[in-house]
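# Structural overview
Here's the letter readout for the chains.
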Amino acid sequence: MPRAGLTTDRVVAAAADLADASGFENVTVSALARHFGVKDASLYTHVRNLQDLRVRVALLAGGELIDDIAAAVAGRAGKEALAAFAGAYRSYALRHPGRYAATQIRVDQSLVAGSPALRRTAEITHGMLRAYGLTEPDLTDAVRLLRSTFHGYCALEATGGFGAPRDVRASWDKAVEALHVALTHWPGGGRAGADGQGPGGAIAGPVRPPC
């Protein structure tokens, strides 16, 4: 019998909050049970096990992240869209470190295929890159470049990995500008115009983009 007041959505939301506060690696069924003042067994009505709980947090966080990105890039293309995408990504990673860590776990492909948020992530990411005139396999290569740059930077920033006196935000902006140049002059791929807008036009419209 489900405990009154507890729902799957409420349990997953509490797990996401716990991840931000204490680290995603510290999200456990026992920790959540203590939070709600119940026995561990009370939560197994709502989640199958710890892995199921963590995957649900990852899907929740992925949906939140792509919502932020979609709002930021709406109506933009080329360099403006890239900068908006990057800014929303970094902002979410810094505001929600535990949720962001959840988006980096590997999720079963059957769940990915059934997740509207993850499909939307692919649509928005590929839409942005097609505006640079890129098609497959260059699209996948470009997604991997963006993901590795954004994730690497955010991970280093979150742990204080940048020790030089140069402003971290200034370096981020320069990195995004460098990515725009790379995408505009993609080796062997499509070519965009001077404003970075190629034949794809404006962007149509997480856990992570497909790569």
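Right, let's walk through the structure included here. (Residues numbered from 1 in each chain as written. Predicted model: local features only at pLDDT ≥ 70, side-chain atom pairs only at ≥ 80, totals over all residues. Heavy atoms only, no water.)

### Here we look at the packing of helix α5 (residues 78-95) against helix α9 (residues 138-158)
Packing of α5 against α9 brings their axes to within 10 Å, and their N-to-C directions diverge by 35 degrees. Considering how the two elements wind past one another, α5 and α9 form a crossing that is right-handed. Of the residues in α9, those in contact with Leu82, Phe85, Ala86, Tyr89, Arg90, Ala93 and Leu94 of α5 are Leu146, Phe150, His151, Cys154 and Glu157. Per-class residue counts for the contact of α5 with α9 are nine nonpolar, one polar and two charged. (Axes fitted to C-alpha atoms, helices over the stretch in contact; angles between N-to-C directions. Helix = DSSP H or I, 4+ residues; strand = E, 2+ residues; numbered from the N terminus. Left-handed = near helix turned anticlockwise from the far one by under 90°. Contact = heavy atoms within 4.5 Å. Nonpolar A, V, L, I, M, F, W, Y, C, P; charged D, E, K, R; others polar.)

### Comments concerning the pattern of salt bridges
In the structure shown here, the tally under the stated rule is ten salt bridges. Two residues, Arg99 and Asp20, come together in a salt bridge whose shortest N-O distance is 2.7 Å. Taken together, the residues Arg99 in helix α6 (residues 97-102) and Asp20 in helix α1 (residues 8-22) connect sequence positions 79 residues apart. Note that Asp52 and Arg48 form a salt bridge whose closest N and O atoms lie 3.5 Å from each other. Residue classification places Asp52 among the buried residues on the basis of a relative accessible area of 9%. (Salt bridge = Lys/Arg side-chain N within 4 Å of Asp/Glu carboxyl O. Buried < 20%, exposed > 50% of the residue type's maximum accessible area, 1.4 Å probe, protein only.)

### Regarding the nonpolar core
Ranked by internal contacts, the top residues of the largest apolar core, which has 34 residues, are Ile69, Leu82, Leu129, Leu134, Leu146, Phe150 and Leu183. Contributing elements (two or more residues each) for this core: α4 (50-73), α5, α8 (116-130), α9 and α10 (168-184). Considering every element that reaches this core, the biggest residue donor is α5, with nine residues. The next biggest cluster of nonpolar side chains, apart from the first, holds 22 residues, and it includes Leu6, Val12, Phe24 and Leu32. (Core = buried A, V, L, I, M, F, W, Y, C linked by side-chain atoms within 4.5 Å.)

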